[in-house]
Amino acid sequence: LEELSKLCNVPEEELPKAVRRYASKKVQRMLIAEKVFDGVDWKAAKEKLQLIYDSLNDKYETDPRRLRAFVTDKRAEDFVTSRNDLDSFYRLFLQYAGTMSADGRITEQERNNLFFSGLPKKL
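Bear in mind the structure is a predicted one, so any value in this text is a computation, not a measurement.

*Asks:* I keep staring at the layout of surface pockets and nothing clicks. Help me out?
*Replies:* Gaps between atoms show up when a probe of the same size as a water molecule is rolled over them. Considered as a void within the structure, the largest pocket measures approximately 200 Å³ in volume. Lining the largest pocket we find Lys26, Val27, Tyr53, Ser88, Arg91, Leu92 and Gln95. Where the lining of the largest pocket is concerned, the elements lending two or more residues are helix H3 (25-31) and helix H6 (83-97). Looking at which element gives the most residues to the lining of the largest pocket, the answer is H6, with four residues. A breakdown of the residues in the lining of the largest pocket according to their chemical character gives three nonpolar, two polar and two charged. Within this model, the second largest pocket holds a volume of roughly 150 Å³. Forming the walls of the second largest pocket are Leu1, Leu4, Ser5, Cys8, Val10, Glu14, Leu15, Ala18, Arg21 and Tyr22. Counting residues per element, the ones that place at least two in the lining of the second largest pocket are helix H1 (2-7) and helix H2 (15-22).

See the structure below:
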């Protein structure tokens, strides 16, 4: 965000409000309670974001067995009743799949088959 704001000549004072404005609805609902995103202190807003999202800096190792278990669990649920549910499944699947097909730990075809087999049969 800082790099983009510099390229576009956006002053740092506008960044705290921009974080909330351009965040997903879920993140917006979380950040609404944080008054620092109503102000102009980018340093304070950035520190708050780092506090909230610090655990995302941990390296997450993907594993084919974990992906297959996720797909098996999801297949047993009747979880897709809307486009939002489908999108949520897709995002979760991507988290579990990570870069495994690019790294050669699973084939692209297996990755695609796992995605579709994780969806409810009625779809």
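So that's the structure; there's more coming.
*Asks:* Which parts of the structure should I look at to understand the packing of helix H5 (residues 64-76) against H6?
*Replies:* Two elements in contact, H5 and H6, have axes whose closest approach is 9 Å; the angle formed by their N-to-C orientations is 155°. Taken as axis vectors, H5 and H6 run roughly antiparallel relative to one another. Seen along the crossing, H5 lies across H6 with a hand that is right-handed. Each of Arg66, Leu67, Phe70, Val71 and Lys74 in H5 lies in contact with H6, whose residues at this interface are Phe89, Leu92, Phe93, Tyr96 and Ala97. Here the residues of the contact of H5 with H6 are counted per class, giving eight nonpolar, no polar and two charged.

*Asks:* It is not clear to me how the packing of aromatic side chains should be interpreted in this structure. Could you clarify?
*Replies:* Here the distance between the centres and the angle between the planes together describe a pair of aromatic rings. This model, assessed by the stated rule, comprises seven aromatic pairs. Judged by centre distance (5.8 Å) and plane angle (10°), the rings of Phe70 and Phe89 are stacked. With Phe70 in helix H5 and Phe89 in helix H6, this residue pair connects regions lying 19 residues apart in the sequence. Seen from their ring centres, Phe70 and Tyr96 are 4.2 Å apart, and the 10° between their planes marks the pair as stacked. Taken together, the residues Phe70 in helix H5 and Tyr96 in helix H6 connect sequence positions 26 residues apart. Taken together, the ring pairs in this structure connect Phe70, Phe89, Tyr90, Phe93, Tyr96, Phe115 and Phe116 into an aromatic cluster.

Criteria and thresholds
Residues numbered from 1 in each chain as written. Predicted model: local features only at pLDDT ≥ 70, side-chain atom pairs only at ≥ 80, totals over all residues. Heavy atoms only, no water. 1 Å grid on protein atoms, 1.4 Å probe; cavity = no way out; pocket = protein on both sides within 12 Å on 5 of 7 lines; lining within 4 Å. Points joined across faces, edges and corners; volume = space filled by probe spheres on them. Helix = DSSP H or I, 4+ residues; strand = E, 2+ residues; numbered from the N terminus. Nonpolar A, V, L, I, M, F, W, Y, C, P; charged D, E, K, R; others polar. Axes fitted to C-alpha atoms, helices over the stretch in contact; angles between N-to-C directions. Parallel < 35°, antiparallel > 145°, perpendicular 65-115°, else oblique. Left-handed = near helix turned anticlockwise from the far one by under 90°. Contact = heavy atoms within 4.5 Å. Phe/Tyr/Trp six-rings, centres within 6.5 Å; stacked < 30°, edge-to-face > 60°.

From the geometry alone we can't say anything about function, so treat these as descriptive.
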